[in-house]
Number of protein chains: 2
Amino acid sequence: MKNVEKINQIAVFKALADPVRLEIVEYLKQTNHEVTCGEVGKAIDISKTSGSYHFKLLQEAGLINARKEAREKYVSLNQKTFNNYVTNFYKNI
Amino acid sequence: MKNVEKINQIAVFKALADPVRLEIVEYLKQTNHEVTCGEVGKAIDISKTSGSYHFKLLQEAGLINARKEAREKYVSLNQKTFNNYVTNFYKNI
DNA sequence: TAGATAGTTCAAAATATTTTGAACTATTTT
DNA sequence: AAAATAGTTCAAAATATTTTGAACTATCTA
């Protein structure tokens, strides 16, 4: 694995190594379409500050797509990143 | 995902979310047979204390098989865990 | 326009993880 | 038997991550 990839790889695993973020990911997988951060936050019962922090980490890891529309931020899973860094991890190292 | 699985899932991602442990895993993947902790530690240049700590976390996550033979501890990757918790993660959540 | 809503940012406090060295057990070598 | 080797354990120190609340920006609603 090259060095830059390794940094991404670690960001991805770190992002997934947390119960709150895992709940976010589960929620996004099962809704299977764009939803607002607020909707997710309410569903899994976390404060908006906490949500903001966790969504940021997921986004920085490339695990979610985010789009700001006016007041609201819409998020969805980035399946490409899951595929590259999770599903194909073992194969690629 | 059930609750017990979630704990394992997080232990697995936590274990993989560290540069030292990722190096260990890379080393074990490419050697592709049992090696001692000492050999790995020398190869990636970490202290034995540090090695002991990191091997313990990998083992607790179920990512490595370990076998003590007299003074030495032989380790290898547990492909089943990689398969269940990494490769099939996205599919299973 | 005032108030409500969605989300971000900041810094402090709380927690968790990692590193380090010394002391230890067990085994092997000289 | 003494010294060397492989690895573990422990506690302290160093770092990193997470949570919290207050203050903030921007947009929407009444």
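Residues numbered from 1 in each chain as written. Chains lettered and ligands numbered in written order. Predicted model: local features only at pLDDT ≥ 70, side-chain atom pairs only at ≥ 80, totals over all residues. Heavy atoms only, no water.

### Quick look at the UniProt feature "domain: HTH arsR-type" (unreviewed entry) in chain A
Our working rule: UniProt positions are given in the numbering used here, feature names are shortened, and annotations may be inferred rather than shown by experiment. Starting at the N terminus, helices and strands are each numbered in turn, a helix being any DSSP run of H or I of at least four residues and a strand any DSSP run of E of at least two.
As annotated in UniProt, the feature "domain: HTH arsR-type" (unreviewed entry) corresponds to residues 1–93 of chain A in the numbering used here. Along residues 1–93 of chain A the backbone is 66% helical and 15% strand, and the end-to-end C-alpha distance reaches 6 Å.

### Details of the sheet that holds strand β2 (residues 64–69) of chain A
Residues and elements named next belong to chain A. Note the threshold: Here, any two strands with at least 2 DSSP bridges between them count as paired.
Taken together, the three strands give an open sheet; going across it, the order is β1-β3-β2, and neighbouring strands pair in antiparallel fashion. With one partner strand each, in any of the chains shown, β1 (35–36) and β2 form the two edges of the open sheet. Looking at chain direction, β1 and strand β3 (residues 72–77) are connected through two bridges and run antiparallel. In the sheet register, Val-35 faces β3, and the bridge partner there is Val-75.

### Section: the protein's contact with DNA strand C
Applied cut-off: Summary of the distance rule: residues count as near a molecule or strand when at least one heavy atom falls within 4 Å of that molecule or strand. Whenever a nitrogen or oxygen atom comes within 3.5 Å of another N or O atom, the pair is scored as a polar contact, on the condition that within protein one atom can donate a hydrogen and the other can accept it, and that pairs from neighbouring residues in sequence are kept only if both atoms are in side chains. For this scheme, ten residues count as nonpolar: Ala, Val, Leu, Ile, Met, Phe, Trp, Tyr, Cys and Pro. Four count as charged, namely Asp, Glu, Lys and Arg, and the remainder, Gly too, count as polar.
By nearness alone, 20 residues border DNA strand C, and Gly-38, Ser-52 and Arg-71 of chain A together with Lys-14 and His-54 of chain B come closest of all. Looking at DNA strand C alone, sugar and phosphate atoms form 58% of those within 4 Å of the protein. One of the side-chain nitrogen or oxygen atoms of Lys-48 of chain A is found 2.7 Å away from a base oxygen of DNA strand C. In the environment of DNA strand C, a base oxygen lies 2.6 Å from a nitrogen or oxygen atom belonging to the side chain of Arg-71 of chain A. Put simply, the parts of the chain that give the surface near DNA strand C at least two residues each are α3 (37–44), α4 (48–60) and β3 of chain A together with α4 (48–60) of chain B. Top contributing element to the surface near DNA strand C by residue count: α4 of chain B, with five residues. Class assignment of the residues belonging to the surface near DNA strand C gives a composition of four nonpolar, seven polar and nine charged.

### Notes on the sheet that holds strand β3 (residues 72–77) of chain B
All names here are of chain B. The test is simple: The contact rule is simple, with two residues in contact once any of their heavy atoms fall within 4.5 Å. Helix axes are fitted only over the stretch in contact, all axes being lines through C-alpha atoms; the angle between N-to-C directions runs from 0 to 180 degrees.
Strand order in the open sheet formed by three strands is β1-β3-β2, with antiparallel pairing between adjacent strands. Strands with a single pairing partner mark the edges of an open sheet, and in this sheet they are β1 (35–36) and β2 (64–69). Taken together, the six bridges between β2 and β3 define a ladder with antiparallel strand orientation. Bridging from a neighbouring strand, Arg-67 pairs with Tyr-74 of β3. Packed onto the sheet, α4 meets β2 and β3 and runs at close to 120 degrees relative to β2.

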